[in-house]
Amino acid sequence: MEDFKSEEEFLKAYNPDDYEKLSLTTDILICSVSSEEEENYRKLSRKYFSILLVKRDNYPFKGKWCLPGGFIGIDEDLEEAPKRILASETNLHDIYLEQLYTYGSVDRDPRMRVISTSYIALVDKNRLQDKLSPNASWFNTTVLEDDKEMQVTLDNGVETIHFTIKKTLKGKTSDRYKFSIAKNDKLAFDHPLVIAAGISRLKNKIGYTDIVFNMMPEYFTLGELQQVYEVILDKKLLDPAFRRIIANKVEKTTKVQSGGGHRPSALFRYKKKK
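Reference entry: report on the structure contained in this document. (Residues numbered from 1 in each chain as written. Predicted model: local features only at pLDDT ≥ 70, side-chain atom pairs only at ≥ 80, totals over all residues. Heavy atoms only, no water.)

Helices and strands together make up the secondary structure of the protein, namely 5 helices and 12 strands. Each principal axis of the C-alpha atoms in the protein carries an extent, and together these give about 80 × 45 × 45 Å. Expressed as a percentage of its 274 residues, the buried residues of the protein come to 39%. At a minimum sequence separation of 6, the contacts of the protein that also span at least 24 residues come to 54%. One way to put it: in the protein the 44 positive side-chain charges average out to a point 8 Å from where the 42 negative ones average out. (Helix = DSSP H or I, 4+ residues; strand = E, 2+ residues; numbered from the N terminus. Buried < 20%, exposed > 50% of the residue type's maximum accessible area, 1.4 Å probe, protein only. Contact = heavy atoms within 4.5 Å. Lys, Arg positive; Asp, Glu negative; His and termini not counted. Charge placed at Lys NZ, Arg CZ, Asp CG, Glu CD.)

In structure tokens:
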């Protein structure tokens with residue numbers, strides 16, 4: 001290594017071609033919990049956890065489904081890239097985003113060395129005003145999980161996708177797992193890993209943050225909110241335990257939900273932090 005006497009001397013000698021290059025992308029996992037009409041009007045509409053996928057129209061992985069994503073421009077801010085990509089690939093705007101993980105396996109992209117910073121986005125898709133792009137589709141998501149693996153099924157009513165994630169405990173005193181793809185034939189790149197990580201992140205954060213309210217309408221009943229928690233956590237919650245979880249997160253309004261054969265129910269809304 002040369003011994004430069006100053007920063008200026010180093011910069012004059014610096015040649016970017018002397019360094020190996022890699023590319024940076026971003027992939028976005030868009031999640032929603034929303035209702036589908038219930039034939040029995042006396043019951044709450046069933047809630048479904050769903051994610052948004054787009055079908056690739058270019059190689060590599062042409063014709064396969066993937067998360068919305070793309071390359072980050074050389075002069076583009078990292079936080080702005082997912083917003084631009086969401087708008088261009090799905091026609092969605094102004095939805096909640098937070099950074100998830102960075103993926104950098106050497107062989108994750110057949111074209112070149114690509115590192116991806118992934119994001120999770122949350123939305124109530126029943127309230128979306130934007131019309132989806134033609135190649136984008138919501139997939140209802142079912143997860144079967146134990147200590148060793150996560151089996152995920154995605155279904156949009158036309159096509160069904162299955163993949164399996166192997167879980168390896170990172171340490172004996174930890175409840176954190178390393179994920180690897182055990183089976184996948186319809187999703188591009190390593191996107192099953194992003195989906196698995198995003199679902200796990202959401203399950204973990206729902207208990208100690210207010211993140212779930214990004215997936216709720218402005219006004220809701222406590223029964224509807226409880227359904228959303230149960231769909232994400234994939235388990236039934238006892239009413240007293242649920243009330244403790246949300247006690248300081250919601251406030252009762254003067255509005256009521258009526259009609260459709262239901263007894264009028266009080267409507268609540270998210271209590272914003274001051």
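Right, let's get into the pairing of strand β2 (residues 46–55). For β2, a buried count of 7 out of 10 residues is recorded, marking the element as mostly surrounded by other parts of the structure. Judged from the 2 bridges that link them, β2 and strand β3 (residues 65–66) form a sheet pairing that is antiparallel. Bridge pairing in β3 links Val 54 to Cys 66. (Pairing = 2+ DSSP bridges.)

If you walk through the whole model with that rule in mind, you get 0 disulfides. Free cysteine Cys 31: the closest other cysteine sulfur is in Cys 66, separated by 15 Å. (Disulfide = S-S within 2.5 Å.)

The next thing to look at is the side chain of Asp 109. Within the secondary structure, Asp 109 is located in the loop between β5 (96–103) and β6 (114–122). A polar atom in the side chain of Asp 109 sits 2.7 Å from the side chain of Arg 111. (Polar contact = N/O pair within 3.5 Å; in protein donor to acceptor, adjacent residues only side chain to side chain.)

Moving on: the packing of aromatic side chains. With the rule as written, the count across this model stands at 5 aromatic pairs. Taking the centre distance of 6.0 Å and the plane angle of 35° together, the rings of Phe 213 and Phe 220 count as tilted. Take Phe 213 and Phe 220: they sit in the same class, and that class is buried. With centroids separated by 4.7 Å and ring planes inclined at 25°, the aromatic side chains of Phe 213 and Tyr 270 adopt a geometry described as stacked. Linking Phe 213 in the loop between α3 (191–205) and α4 (222–233) with Tyr 270 in strand β12 (residues 262–270), this pair joins segments that are 57 residues apart in sequence. Accessibility expressed as a relative area gives 25% for Tyr 270, which makes it partly exposed. The cationic tip of Lys 167 hangs over the ring face of Tyr 177; the distance from NZ or CZ to the ring centre is 4.3 Å. Positioned over the ring face of Tyr 219 is Lys 255, at 5.2 Å from the centre of the ring. (Phe/Tyr/Trp six-rings, centres within 6.5 Å; stacked < 30°, edge-to-face > 60°. Lys NZ or Arg CZ within 6 Å of the ring centre and 35° of its normal.)

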